[in-house]
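A closer look at the structure
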Amino acid sequence: MGNTANTVTPGSTVAADDTTASGTTASGTAAAAAGSVSAHPVRKARIALIGTGGRSEMYIRAIFGKHSDTAELVAFSDVNPGRVEFYQKLIQELGAPGPVAAFDPADLTAFIRANDIDRVVVTTPDYTHADYIVEGLEAGADVVVEKPLTIDAEGCRRITKAVEETGRNVVVTFNYRYSPRNSALKEIIQSGVIGKVTSIDFSWVLDTVHGADYFRRWHREKKNSGGLLIHKASHHFDLVNWWIDDVPERVFASGGLKFYGDTNAAERGLGPRPERGTVDTEVRDPFALDLREDERLKALFLDNEHYDGYRRDQDVFTAGITIEDNLALVVDYQGGPVLSYSLNAHSPWEGYRVAVNGTEGRAELEVVERAAVVHSTDKKTVVDPSATPVDEDDAVRRNGERLVVQRHWEAAYEVPIVNGEGGHGGGDELLLSDLFNGPGEDPLGRPSGYLDGLRSVSVGIAGNASLESGLPVRIADLGLGADLRRAARPAARSASTGPASTRAQ
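Small disclaimer: the values here were computed from a predicted structure and weren't measured. (Residues numbered from 1 in each chain as written. Predicted model: local features only at pLDDT ≥ 70, side-chain atom pairs only at ≥ 80, totals over all residues. Heavy atoms only, no water.)

Looking now at the overall build of the chain. Within the chain one finds 17 helices and 15 strands. Counting across all 505 residues of the chain, residues that qualify as buried make up 54%. Restricting to contacts in the chain with at least 6 residues of sequence separation, those with at least 24 account for 78%. A total accessible area of about 21,400 Å² is found for the chain, and carbon and sulfur atoms account for 50% of it. (Helix = DSSP H or I, 4+ residues; strand = E, 2+ residues; numbered from the N terminus. Buried < 20%, exposed > 50% of the residue type's maximum accessible area, 1.4 Å probe, protein only. Contact = heavy atoms within 4.5 Å. Areas by Shrake-Rupley, 256 points an atom, 1.4 Å probe, with all protein chains shown as cover.)

Spelled out as structure tokens, the structure:
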């Protein structure tokens, strides 16, 4: 890429770290093996990361932090050399002895093969996922990819074919599974306390900070993100699939762009607006994002616009938005349950409510991640309150979470939820441990593979098709390249006593 002295050409190699997890060198281990030491050396996983936007930081910090004994970052790559430089500086702050290699994304295959890469971490825009996943697999590496797996049926088919032909592994990082509150609901359902699941009512609201952000960035065009049904809701559909251990079969969707965009702005009489939020003006616009107010966003995006022209702060009421901000779906599942789902991206508060109805009772989870947007500097820069919790002073709606279970003919009771440290109630730390140390025995089955990724995006892909046709769409008719159905499972066991264990998993 020509941005750093350590940029690697396709045919060159980067030396492997010969130090094992225990600190022994390869030669030292060989000598020890000839004597009385029986410990087996653990080779660090050699990782190449592609995509140095906001999501990559979690993985970079993990590799240079808690998981430095099991993984090493061999190189990273991006089409924008300025963002590569941003992370070169970060790893120095994290204690790296020097910069890591950088390579052109077009040279991914050559780099993997020349440098013995074990795993590629993909944190690029959604429309590129299928290309990089397939290329990584065919070059001989396993792949870790941020959700969504991909954005359309063709991408699903290509990934499925590559997995079958290479035998390599794809992991989709569904960190919401690891959030203690979501794990607690899974445990309740799995215990059989509410009996066999019959229906789910799931409503997610994004506020006018977090929700608006999808209409500033590349996500605002459906060709890039698949819309919120793919980019955002694939998290939510995966939660439902995992909570009830079932597979979606048919989807009917309705929705549209009701709030953001130039047409809606004109109807509400908003008048002329700047094309972006980073402008000098005396008028304070609550929907504008001034990148100069956030050092990280400024360094990652504003300072690097001259490389690729990408604007992170587009006005949410301009033309060119092709995704929906209000959505409602009905999803039929293989085992019989029906999901009623809704998403709103311009709510005054942020969070979600889910109710799971069963043959013996009902479980209700309510989560408030940000009680109100009252236009303070703190709340403006914290875009996603689920990843970075914020403190609120609201007497009516309070930040927090509550899981309530009520069986037929009994009084309701609340199930305690124990959170850990870090993003998503400590869930991110648990996810990273599974990624870099390998998943152990997990009675909740949180580690996810590419079939889970396919099942989650299948709802959004079918939903988009339903939005276009006005008709229900059967997922089997999409031709995703794999049979997503599951074999018949035993019925949920009945439980007549109190709550299941909800310890932090």
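In this section: the sheet that holds strand E3 (residues 101-102). Spatially, E3-E2-E1-E4-E5-E6 is the arrangement adopted by the six strands of the open sheet, whose pairing is parallel. This sheet does not close on itself; its edge strands, each paired only once, are E3 and strand E6 (170-173). (Pairing = 2+ DSSP bridges.)

Attention now moves to the environment of isoleucine 475. Mapping isoleucine 475 onto the fold places it in the segment after strand E15 (473-474). Owing to a relative accessible area of 6%, isoleucine 475 belongs among the buried residues under this scheme. Sequence-distant contacts of isoleucine 475, that is, excluding residues within four places in its chain, are made with Pro248, Glu249, Val251, Ser458, Val459, Ala462, Leu480 and Leu484.

By the secondary structure assignment, asparagine 175 is in the loop between E6 and helix H7 (180-191). Asparagine 175 gets classed as buried once you look at its relative accessible area, which sits at 3%. A polar contact of 3.3 Å, which involves the side chain of asparagine 175, links it to the side chain of histidine 235. (Polar contact = N/O pair within 3.5 Å; in protein donor to acceptor, adjacent residues only side chain to side chain.)

Further remarks concern the environment of glutamine 88. Structurally, the position occupied by glutamine 88 is in helix H3 (residues 81-93). Sequence separation between glutamine 88 and glycine 98 is ten residues, and the spatial gap between their C-alpha atoms is 8.5 Å. A polar atom in the side chain of glutamine 88 sits 2.8 Å from the backbone oxygen of valine 100.

On to helix H5 (residues 129-139). When you tally the buried positions in H5, you get eight out of eleven residues, the bulk of the element. In this structure, the buried residues of H5 make contact with strand E1 (45-50), helix H4 (108-114), strand E4 (119-122), strand E5 (142-146), helix H6 (153-166) and E6. Positive backbone phi, approximately 110°, marks glycine 140, located one or two places after H5.

Okay, the nonpolar core next. Counting residues in each nonpolar core, the largest one holds 98 residues, and the members touching the most others are Phe202, Trp243 and Tyr260. When residues of this core are assigned to their parent elements, the largest contribution, seven residues, is made by helix H11 (residues 233-244). Beyond its immediate stretch of four places on either side in the chain, phenylalanine 202 contacts His236, Leu239, Val240, Trp243, Leu339, Ser340, Tyr341, Ser342, Tyr352, Arg353 and Val354. By size, the runner-up hydrophobic cluster in this structure holds 33 residues, among which are Ala71, Leu73, Leu90 and Val121. (Core = buried A, V, L, I, M, F, W, Y, C linked by side-chain atoms within 4.5 Å.)

In total, this model carries 17 aromatic pairs according to the counting rule given. Between phenylalanine 202 and tryptophan 243, the aromatic rings sit 5.7 Å apart at their centres with planes inclined by 50°, giving tilted as the arrangement. Placement of the pair is phenylalanine 202 in strand E7 (residues 197-207) and tryptophan 243 in helix H11, with a sequence separation of 41 residues. For the pair phenylalanine 202 and tryptophan 243, a shared accessibility class is recorded, and that class is buried. (Phe/Tyr/Trp six-rings, centres within 6.5 Å; stacked < 30°, edge-to-face > 60°.)

What follows is about the confidence of the model for the chain. Chain-level pLDDT for the chain is 87 on average; 83% of the residues reach the 70-or-more range. When the criterion is pLDDT under 50, residues 15-38 qualifies, and its contacts beyond four places in sequence or with other chains add up to 19 contacts. Segment residues 492-505 is flagged for pLDDT under 50; beyond a separation of four residues in sequence, or across chains, it makes 36 contacts in the model. (pLDDT = per-residue confidence, 0-100.)

The subject of this paragraph is the pairing of E6. Here E6 shows no split at all, with Val170 and Val172 on one side and Val171 and Thr173 on the other all buried. In the sheet, E5 pairs with E6 via four bridges, with the strands oriented parallel. Counterpart to valine 144 in the pairing with E6 is valine 171. Regarding topology, H6 serves as the crossover connection from E5 to the parallel E6, and that connection is right-handed. (Right-handed = clockwise from strand over helix to strand, strands pointing away.)

A few words now on the packing of helix H2 (residues 56-63) against helix H16 (residues 427-437). Running from amino to carboxyl end, H2 crosses H16 at an angle of 65°, the nearest separation of the two axes being 11 Å. At the point where H2 passes H16, the crossing takes the right-handed sense. Contacts between H2 and H16 involve Met58, Tyr59, Ala62 and Ile63 from the former and Asp428, Leu432, Leu435 and Phe436 from the latter. Here the residues of the contact of H2 with H16 are counted per class, giving seven nonpolar, no polar and one charged. (Axes fitted to C-alpha atoms, helices over the stretch in contact; angles between N-to-C directions. Left-handed = near helix turned anticlockwise from the far one by under 90°. Nonpolar A, V, L, I, M, F, W, Y, C, P; charged D, E, K, R; others polar.)

Residue lysine 147 is joined to proline 148 through a cis peptide bond whose omega torsion reads -5°. At aspartate 116, a residue that is not glycine, the phi angle is positive and equals roughly 55°. Mapped onto the fold, aspartate 116 is located in the loop between H4 and E4. Residue aspartate 116 is classed as partly exposed on the basis of its relative accessible area of 46%. At tryptophan 409, a position not held by glycine, the phi torsion is positive, near 70°. What makes tryptophan 409 exposed here is its relative accessible area of 87%.

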